[in-house]
Amino acid sequence: MHSLLLFSGETINYPILIGFVLSSSALAISPGPDNIFVLTQSISNGVRAGLATVLGLVSGCLVHTTLLAFGVSEIIKRSDALFFGIKLFGAIYLFYLAYKVFKSDGDILLEDKKAAKSPKNLFWRGFTMNVLNPKVTIFFLAFFPGFLFSTELDPVVQFYVLGLLFMLSALIIFGAIALLAGSISNYLKGHNKVGFYLKWVQIIVFSGIAVYLLLSDK
């Protein structure tokens with residue numbers, strides 16, 4: 001295929017990687033518990049606190065990536081049928097997430113309560129919030145397998161590349177939210193329909209990835 005390019009002796013499908021980064025970025029921008037938490041902490045405790053929260057949340061993704069890389073990689077090696085089952089589960093779960101977003105009201109709720117917390121405490125709170133949330137593990141399991149980008153490169157390496165790209169996307173977007181928290185908060189308060197538009201971004205992204213998983217090859 002013309003979309004396959006050679007890099008360091010391995011065949012890499014760069015369009016798949018680009019699609020993964022775009023999907024990850026769209027999901028990071030859409031309102032959810034993590035970026036809303038970053039926004040509220042930045043408003044309440046300052047930019048440093050917000051950035052510490054971002055680093056904690058992003059660092060936690062490495063744990064989920066490791067669990068996914070070593071668990072699913074073995075399944076890929078042993079059974080095509082099991083791997084297809086994982087992707088089917090992923091597609092169903094993503095359609096379920098799209099349905100949950102569709103049923104929600106789309107409002108973005110912010111709390112401006114002052115509660116001083118140190119950046120160190122917020123880092124560990126963000127880290128534990130991420131690591132101890134089973135929904136993150138399930139989401140990674142649903143999202144990552146359809147974006148394996150090489151037939152030659154070890155799946156463990158591919159999952160780590162995807163994990164690091166996901167973390168980088170979240171770091172850039174969540175970091176921007178922390179730095180621009182005041183402006184974002186004022187904008188959201190003055191534009192009630194923003195939540196509605198972002199709600200549909202989530203629905204389209206979740207549904208689009210689900211369809212992609214169903215149509216993609218191993």
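What you see is a predicted model; the values in this text were computed from it and never measured. (Residues numbered from 1 in each chain as written. Predicted model: local features only at pLDDT ≥ 70, side-chain atom pairs only at ≥ 80, totals over all residues. Heavy atoms only, no water.)

Considering the nonpolar core
Rule in force here: For this analysis, a nonpolar core means a set of buried residues of the types Ala, Val, Leu, Ile, Met, Phe, Trp, Tyr and Cys, connected via side-chain atoms within 4.5 Å. Accessible area is worked out with a 1.4 Å probe on protein chains only. A residue is then buried under 20% of its type maximum, exposed over 50%, and partly exposed in between. Secondary structure elements follow DSSP: runs of H or I no shorter than four residues count as helices, runs of E no shorter than two count as strands, and numbering proceeds from the N terminus.
In terms of nonpolar packing, the biggest core is built from 55 residues, with L94, F139, F143 and F144 touching the most fellow members. Listing elements by their share of this core, those giving two or more residues are helix 1 (14-29), helix 2 (33-45), helix 3 (47-78), helix 4 (80-103), helix 6 (134-143), helix 7 (155-179), helix 8 (181-190) and helix 9 (194-215).

Details of the packing of aromatic side chains
This is how it is decided: Only Phe, Tyr and Trp rings take part, Trp by its six-membered ring, and two of them pair if their centres are within 6.5 Å. Stacked means planes under 30 degrees apart, edge-to-face means over 60, and tilted covers everything else.
Scanning all chains against the criterion turns up 20 aromatic pairs. Where F20 meets F147, the ring centres are 5.3 Å apart and the plane angle is 65 degrees; that geometry is what we call edge-to-face. Here F20 is found in helix 1, whereas its partner F147 is found in the loop between helix 6 and helix 7, with 127 residues between them in sequence. Of the two residues examined, F20 and F147, each falls in the buried class. Measuring from centroid to centroid gives 4.6 Å for F140 and F144, while their planes differ by 20 degrees, and the two rings are stacked.

So, helix 8
Heads up, the rule is: Comment: arc refers to directions from the helix axis out to C-beta atoms.
Buried within helix 8 are the following residues: A181, S185 and L188. Across the axial projection of helix 8, the buried residues extend over an arc of 65 degrees, all falling on one side. Structural note: helix 8 exposes S183, N186 and G190 on the side pointing more than 90 degrees away from its buried face.

Concerning the pattern of salt bridges
Put simply, the rule is: Only one rule defines a salt bridge in this text: a Lys or Arg side-chain nitrogen within 4 Å of an Asp or Glu carboxyl oxygen.
As enumerated under the stated definition, the model contains one salt bridge in all. A salt bridge links R78 to E74; its shortest N-O distance comes to 3.6 Å. Of this pair, R78 and E74 are both found in helix 3, four residues apart, which corresponds to roughly one turn of the helix.

Description of the packing of helix 3 against helix 7
We count it as follows: Only the contacting stretch of a helix is used when fitting its axis, a line to C-alpha atoms as for every element, and angles between N-to-C directions run 0 to 180 degrees. What sets the label is the angle itself: under 35 degrees gives roughly parallel, over 145 gives roughly antiparallel, 65 to 115 gives roughly perpendicular, and the rest give oblique. Helix crossings fall into two classes, left-handed where the near helix is turned counterclockwise from the far one by less than a right angle and right-handed where it is turned clockwise.
The geometry of helix 3 relative to helix 7 is characterised by a closest axis approach of 9 Å and an angle of 165 degrees between their N-to-C directions. Classified by the interaxial angle, the pair formed by helix 3 and helix 7 is roughly antiparallel. The handedness of the crossing between helix 3 and helix 7 comes out as right-handed.

Let's talk about the side chain of K199
Selection criterion: Any pair of N or O atoms that falls within 3.5 Å is considered a polar contact. Within protein, one atom must be able to donate a hydrogen and the other to accept it, and sequence-neighbouring residues count only if both atoms are side-chain atoms.
Checked against the element boundaries, K199 lands in helix 9. The class for K199 is buried, based on a relative accessible area of 11%. At 2.6 Å, the side chain of K199 and the backbone oxygen of S104 are in polar contact.

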